[in-house]
Amino acid sequence: MPAPPAVVRSTREPLGDGRWKSVWKIELPVSSFEGTNVYSLEPADGGGEAILLRGDGEAKYRYEPIAVGGGTLLVQYGYTDIMGSNAFVRSFVKRQPGRSAT
């Protein structure tokens, strides 16, 4: 029996200033996670563009594709306050024994 799709909702809403918002939900056998992210394109080091993601709360991530040989290396930089940002992280922390997230 094939596994059901994990992504049950994923939207893309233009915000009018070049950014876009995504509302998403992932359902896994052990739990489900949902969140809202805002994305933008920014110049990358060495040319090209990088994707900057701002998650719920103070979470911020940058994804930069770098050409390497015949492929691409995707580099992720990020910051999140484990106890106070990103709905995905809060949801995961809540499920850990003896832990809580606000």
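If you're wondering where the values come from, they're calculated on a predicted model, not measured in any experiment. Per chain, residues are indexed from 1 in the order of the written sequence. In keeping with the model being predicted, local features are shown solely for residues with a pLDDT of at least 70 and side-chain atom pairs are shown and tallied solely at 80 or more, while totals for entire chains, interfaces and linings include all residues. Water and hydrogen atoms were dropped before computing side-chain values, which therefore reflect all heavy atoms in the structure.

Peer 1: Sorry if this is basic, but what is going on with the pattern of salt bridges here?
Peer 2: As a working rule, side chains carrying opposite charge can pair if their charged atoms are close by. The term salt bridge refers to a pairing of a side-chain nitrogen on Lys or Arg with a carboxyl oxygen on Asp or Glu at a separation within 4 Å. The full count for this structure, using the stated rule, is six salt bridges. For the salt bridge of E13 with K21, the shortest nitrogen-to-oxygen distance reads 3.8 Å. The classification of residues rests on relative accessible area computed with a 1.4 Å probe and restricted to protein chains. Under 20% of the type maximum is buried, over 50% is exposed, and intermediate values are partly exposed. What makes E13 partly exposed here is its relative accessible area of 40%. Here K21 falls in the partly exposed class, since its relative accessible area comes to 26%. Through salt bridges with shared partners, one network takes in E42, R62 and E64.

Peer 1: Got a minute to help me understand a nonpolar patch on the surface in this structure?
Peer 2: A cluster of nonpolar side chains, namely I66, V68 and L73, defines an oily patch on the protein surface of about 230 Å² accessible area. Tracing the chain through its elements places I66 in strand 6 (residues 60–68). Here a patch means residues that are over 30% exposed by relative accessible area and free of salt bridges, tied together within 9 Å if like-charged and within 5 Å if nonpolar (Val, Leu, Ile, Met, Phe, Trp, Tyr). Each accessible area value is a Shrake-Rupley result obtained with a 1.4 Å probe; residue values ignore everything except the protein chains displayed when judging cover. Where helices and strands are cited, they refer to DSSP runs of H or I of at least four residues and of E of at least two residues respectively, numbered from the N terminus.

Peer 1: I keep staring at the packing of aromatic side chains and nothing clicks. Help me out?
Peer 2: Ring pairs (aromatic) are described by centroid distance and by the angle formed between their planes. Within 6.5 Å between ring centres, the rings of Phe, Tyr and Trp (the latter by its six-membered ring) count as paired, and their orientation is classed by plane angle as stacked under 30 degrees, edge-to-face over 60, tilted in between. For the coordinates displayed, the defined rule picks out one aromatic pair. A ring pair is formed by W20 and Y39, whose centres lie 5.6 Å apart and whose planes are at 10°; its orientation type is stacked. Placement of W20 in strand 3 (residues 20–27) and of Y39 in strand 4 (residues 32–43) is noted, with a sequence separation of 19 residues between them. Judged on exposure class, the residue W20 and its partner Y39 are both buried. By definition here, charges over rings are those cases where NZ of Lys or CZ of Arg is within 6 Å of the ring centre and within 35 degrees of the ring normal. Between the NZ or CZ atom of R12 and the centre of the ring of W20, over which it lies, the distance is 4.3 Å.

Peer 1: Honestly, the pairing of strand 6 in this entry has me stumped. Any pointers?
Peer 2: Walk down a regular strand and you will see the side chains alternate between the two sheet faces. Here four bridges tie strand 5 (residues 49–54) to strand 6, and the two strands are oriented antiparallel to one another. Its bridge partner lying in strand 6, L53 is registered against Y61. In this scheme, strands are said to pair when DSSP sees at least two bridges between them. In the sheet, strand 6 pairs with strand 7 (residues 71–79) via nine bridges, with the strands oriented antiparallel. In the sheet register, Y61 faces strand 7, and the bridge partner there is G78.

Peer 1: Any chance you could explain the side chain of S22 here in plain terms?
Peer 2: Within the fold, S22 resides in strand 3. Nitrogen and oxygen atoms within 3.5 Å of one another constitute a polar contact, given that in protein one can donate a hydrogen and the other can accept it, and given that sequence-neighbouring residues count only through two side-chain atoms. From its side chain, S22 meets the backbone oxygen of T11 in a polar contact 3.0 Å long. Filtering out sequence-adjacent residues up to four positions away, S22 remains in contact with S10, T11, G35, T36, N37 and Y39. Two residues form a contact once any of their heavy atoms are found within 4.5 Å.

Peer 1: Help me understand the environment of L53, please; the structure alone is not making it clear to me.
Peer 2: For L53, the location among the structural elements is in strand 5. In this structure, the C-alpha to C-alpha distance between L53 and K21, residues 32 residues apart in sequence, is 9.6 Å. Those residues in contact with L53 that sit more than four places away from it in its chain are N37, V38, Y39, A59, K60, Y61 and Y63.

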